[in-house]
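# Observations on the three-dimensional arrangement
One letter stands for each residue in the lines below.
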There are 2 protein chains.
Amino acid sequence: MKPTFDLSLYLVLDPDLCGGPQGMIDTARLAAANGVTMVQLRAPNWKKRQWLETATVLKAVLAPLGVPLLINDQIDIALAIDAAGVHIGQADLPPDATRRLLGPGKIVGLSASNAAQLADAPVGLIDYLGVGPVYPTGTKADASPVIGLELFADLMAARPLPVVAIGGIKAGNAAPVIAAGADGVAVVSAICGQPDIVSATRALQQEIAGARA
Amino acid sequence: MKPTFDLSLYLVLDPDLCGGPQGMIDTARLAAANGVTMVQLRAPNWKKRQWLETATVLKAVLAPLGVPLLINDQIDIALAIDAAGVHIGQADLPPDATRRLLGPGKIVGLSASNAAQLADAPVGLIDYLGVGPVYPTGTKADASPVIGLELFADLMAARPLPVVAIGGIKAGNAAPVIAAGADGVAVVSAICGQPDIVSATRALQQEIAGARA
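Residues numbered from 1 in each chain as written. Chains lettered and ligands numbered in written order. Predicted model: local features only at pLDDT ≥ 70, side-chain atom pairs only at ≥ 80, totals over all residues. Heavy atoms only, no water.

Per an unreviewed UniProt entry, the recorded name for chain A is Thiamine-phosphate synthase, and the organism is Chitiniphilus eburneus. According to UniProt, the comment filed for chain A under the heading Pathway (unreviewed entry) is "Cofactor biosynthesis; thiamine diphosphate biosynthesis; thiamine phosphate from 4-amino-2-methyl-5-diphosphomethylpyrimidine and 4-methyl-5-(2-phosphoethyl)-thiazole: step 1/1." A UniProt comment under Sequence similarities (unreviewed entry) is attached to chain A, and it reads "Belongs to the thiamine-phosphate synthase family." (UniProt positions renumbered as here; feature names shortened; annotations may be inferred.)

So, about the environment of Pro15 of chain B. All names here are of chain B. Note that Pro15 resides in the loop between β1 (9–13) and α1 (20–32). Classification of Pro15 as buried rests on a relative accessible area of 14%. When the C-alpha atoms of Pro15 and Ile208 are compared, they prove to be 26 Å apart, with 193 residues separating the residues in sequence. Setting aside residues up to four positions removed in sequence, Pro15 forms contacts with Gly20, Met24, Arg42, Ala43 and Trp46. (Helix = DSSP H or I, 4+ residues; strand = E, 2+ residues; numbered from the N terminus. Buried < 20%, exposed > 50% of the residue type's maximum accessible area, 1.4 Å probe, protein only. Contact = heavy atoms within 4.5 Å.)

Listed by partner, the interface residues are 21 residues for chain B and 20 residues for chain A. When residues of chain B are sorted by the area they lose upon contact with chain A, Lys48, Arg49 and Asp76 of chain B head the list and together hold 32% of the total. Between chain B and chain A we count 2 salt bridges in total. The closest approach of N and O atoms between Asp92 of chain A and Lys47 of chain B, which form a salt bridge, is 3.4 Å. At the boundary of chain B and chain A, one finds 13 residue pairs in polar contact (both at pLDDT 80 or more). At the level of elements, α2 (48–62), α3 (75–81) and α4 (95–102) of chain B are the ones that each hand at least two residues to the side of chain B that touches chain A. Tallying contributions element by element places α3 of chain B first for the side of chain B that touches chain A, with 5 residues. When grouped by side-chain class, the residues that make up the side of chain B that touches chain A number 11 nonpolar, 3 polar and 7 charged. (Buried area = accessible area lost by both parts, 1.4 Å probe. Salt bridge = Lys/Arg side-chain N within 4 Å of Asp/Glu carboxyl O. Polar contact = N/O pair within 3.5 Å; in protein donor to acceptor, adjacent residues only side chain to side chain. Nonpolar A, V, L, I, M, F, W, Y, C, P; charged D, E, K, R; others polar.)

Turning our eyes to something else, we now look at the sheet that holds strand β1 (residues 9–13) of chain A. All names here are of chain A. With parallel pairing, the 8 strands of this closed barrel are ordered in space as β1-β2-β3-β4-β5-β6-β7-β8. Taken pair by pair, the neighbouring strands of this sheet meet at an average axis angle of 25 degrees, ignoring direction. Taken together, the 3 bridges between strand β7 (residues 163–166) and strand β8 (residues 184–187) define a ladder with parallel strand orientation. Looking at β8, one finds that Ala165 is bridged to Val185. Along the sheet, helix α3 (residues 48–62) contacts β1, β2 (38–41) and β3 (69–72); its crossing angle with β3, the most-contacted strand, is approximately 160 degrees. (Pairing = 2+ DSSP bridges. Axes fitted to C-alpha atoms, helices over the stretch in contact; angles between N-to-C directions.)

All names here are of chain A. The feature "binding site: Mg(2+)" (unreviewed entry), as annotated in UniProt, sits at Asp73 and Asp92 in this numbering. Across 20 residues, the annotated set stays spatially compact, with a maximum C-alpha separation of 6.1 Å. Mapped onto the secondary structure, Asp73 falls in the loop between β3 and α4 (75–81). Taking the relative accessible area as the measure of exposure, Asp73 reaches 12% and is therefore buried.

Residues and elements named next belong to chain B. Buried within helix α6 (residues 149–157) we find Phe152, Leu155 and Met156. End-on view of α6: buried residues confined to an arc of 100 degrees, all on one side of the axis. Pointing more than 90 degrees away from the buried face of α6 are the exposed residues Glu150, Asp154 and Ala157. Against α5 (115–119), β6 (128–131), β7 (163–166) and α7 (175–179) lie the buried residues of α6. (Arc of directions from axis to C-beta.)

On to the state of the cysteines. Residue and element names in this part refer to chain A. Under the counting rule described, the total for this entry stands at 2 disulfides over all chains. Across the disulfide from Cys18 sits Cys192; the S-S distance is 1.7 Å. Measuring handedness by torsion sign, the sulfur bridge of Cys18 and Cys192 sits at about 80 degrees and is right-handed. Of this pair, Cys18 sits in helix α1 (residues 15–18) while Cys192 sits in the loop between β8 and α9 (197–212), placing them 174 residues apart in sequence. Like Cys192, Cys18 is buried. (Disulfide = S-S within 2.5 Å.)

Turning our attention to the sheet that holds β6 of chain B. Residue and element names in this part refer to chain B. With parallel pairing, 8 strands are arranged side by side around a closed barrel as β1-β2-β3-β4-β5-β6-β7-β8. Direction aside, neighbouring strands of the sheet carry axes that sit 25 degrees apart on average. Packing of helix α8 (residues 197–212) onto the sheet brings it into contact with β1 and β8 (184–187), and relative to β1 it is tilted by some 145 degrees.

This brings us to the nonpolar core. Burial of nonpolar side chains together is a common tendency in soluble globular proteins. Of all hydrophobic cores here, the largest spans 131 residues; its most connected members are Ile71 and Phe152 of chain A together with Ile71 and Phe152 of chain B. Here Phe152 of chain B is in contact with Val131, Val134, Ile147, Val163, Ala165, Val177, Ala180 and Ala182 of chain B, once residues within four sequence places are set aside. (Core = buried A, V, L, I, M, F, W, Y, C linked by side-chain atoms within 4.5 Å.)

Turning chain B through 180 degrees and shifting it by 0.0 Å along the axis lays it on chain A, with an RMSD of 0.0 Å. Viewed as a symmetry operation, the transformation between the two copies matches a two-fold axis. When C-alpha positions in chain B are compared against the rotation axis, the closest is assigned to Asp76 of chain B, at 2.4 Å. Most of the interface of chain B is mirrored in chain A: 95% of its interface residues are interface residues there too. (Least-squares fit on C-alpha atoms with pLDDT ≥ 70 in both.)

Here it is as structure tokens:
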């Protein structure tokens, strides 16, 4: 059966920003214990052996906290560790092939960065959309053009699936994204590499809760 | 059931040396019709969508010729197209995880570049070893130290599984590798990018047959 999931505060782990494998594991543990509701492992330059080792530890760390681990792009790694699901981009394995490999019991998220990609989203095959970049971001070298809050709100009005917003979101600018209709926010640098992971996570959590109140 | 396979003349397709996806497809078609016995798709920098598209075409081209297509490293792609098998390196998914994902009916090859890696080869989990570089090669940026013919022959004396030799092999230097005990030779630039794919393939095939006679 598919695990229930909560997009509210979605941490994307990046090796560079989170201090390598051990930094990612430590960050995930603290963040998941203090408000992060989902974790995605994204490491496009890693070899699979490194992927497998780190994903195995992350799953063991997150499972007792009830926080699902999603694997970015590498469906074989998700299968090997029996992850809760995957996140795919527009140039990754297509949703139909991804769902066929994973079966119905796993979470599949798809990135979308414009109205056409939202309209084309295969709602029967995937579970949520990652939409962005909402704000300018330096984290992802191949990011699409910035959407901006106004257009983002327009996109949310017609969203076919739950949406987690991504791109330049941090404490202080998360509330408007939730107010615009996002079901949650995804962050990398707003948690990874912060001097106090617990405070950074709680500040985001409180801002999201406040925007919903 | 596991397909039978013949390591004699094993073509590794590289996007740079073979002229991109279409060049790889054209090369594979001509080479497989003229003596190549196995084809491996290796494209470490590709996104998965490109992998899926090219692997799908390659499988369709090679199947009528009875030449198995192996996928380098990306087990998810091999599963998605139901490839004949995979080839993994020492930093890729380990043989046990690879075999578990693929099941018993697929070919699994493993790279080994020294005596310790040959001795550690899990003979129950894999079907052949790719051993090299036998000669100096410019094709693989992260290649291991050159083994050389003399040490290669020593390694072959204790080989636990069928071996395809790789690394700098071309018409003119393939025969000594077969004479040293290899079951076949793997090539990239000796076929890919050659002005006459058919002649290049046949020259290698004849040299291998001659070394065995």
